[in-house]
Amino acid sequence: MLSRKFNQILPHPVYAWMGWICSLNPSEKTFEELKPLIQEAFEYAKEKYKKRRDRV
């Protein structure tokens, strides 16, 4: 049976190898901790997209 841990930042059960994380039912405090990680991932994705777009 799959153990569920709520309100914690954990490695994603399937995509952890890609650096993904997950949080089930994050509290407001936990969500605030996640915001910089989400922003960092977004900035990285924008850079990656720009490099790919500039190659073409």
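Please read all numbers here as calculations on a predicted model, not as lab measurements.

So, the confidence of the model for the chain
Okay, so step 1: Looking at the chain as a whole, the pLDDT averages 90, with 95% of positions reaching at least 70.
Okay, so step 2: Ranking the elements of the chain by mean pLDDT puts strand β2 (residues 21–22) last, at 91, and helix α1 (residues 28–55) first, at 93.

Re a nonpolar patch on the surface
Okay, so step 1: A surface patch of nonpolar side chains, amounting to about 600 Å² of accessible area, comprises Val-14, Tyr-15, Trp-17, Met-18 and Trp-20.
Okay, so step 2: Along the chain, the position of Met-18 falls in the loop between β1 (10–11) and β2.

As for α1
Helical geometry: 3.6 residues make up each α-helical turn, so side chains three or four residues apart lie on a common side.
Okay, so step 1: In this model α1 runs 41 Å from its N-terminal to its C-terminal C-alpha over 28 residues, within 8% of the 40 Å that 1.5 Å per residue would give.
Okay, so step 2: Its maximal kink placed at Leu-34, α1 deviates by approximately 30°, while the proline Pro-36 follows within four residues.

The rules behind each value
Here, residues in each chain are numbered from 1, in the same order as that chain's written sequence. With pLDDT at 70 or above as the cut-off, local features in this predicted model cover only qualifying residues; side-chain atom pairs require 80 or more to be listed or tallied, and sums for whole chains, interfaces and linings still use all residues. The side-chain values count all of the structure's non-hydrogen atoms but skip hydrogen atoms and water molecules. Per-residue confidence from the predictor is reported as pLDDT, a score between 0 and 100. Counting from the N terminus, the helices are the DSSP runs of H or I reaching at least four residues and the strands are the DSSP runs of E reaching at least two. Patches here are clusters of residues that have more than 30% relative accessible area and form no salt bridge, with a 9 Å joining cutoff for like charges and a 5 Å cutoff for nonpolar side chains (Val, Leu, Ile, Met, Phe, Trp, Tyr). A 1.4 Å probe and the Shrake-Rupley method give the accessible areas. Residues count as covered only by the protein chains that appear here. Put simply, a salt bridge is a Lys or Arg side-chain nitrogen that is within 4 Å of an Asp or Glu carboxyl oxygen. Here the expected span of a helix is defined as 1.5 Å times the quantity of residues minus one. What we call the bend at a residue is the angle made by axes fitted to the seven residues finishing there and the seven residues starting there.

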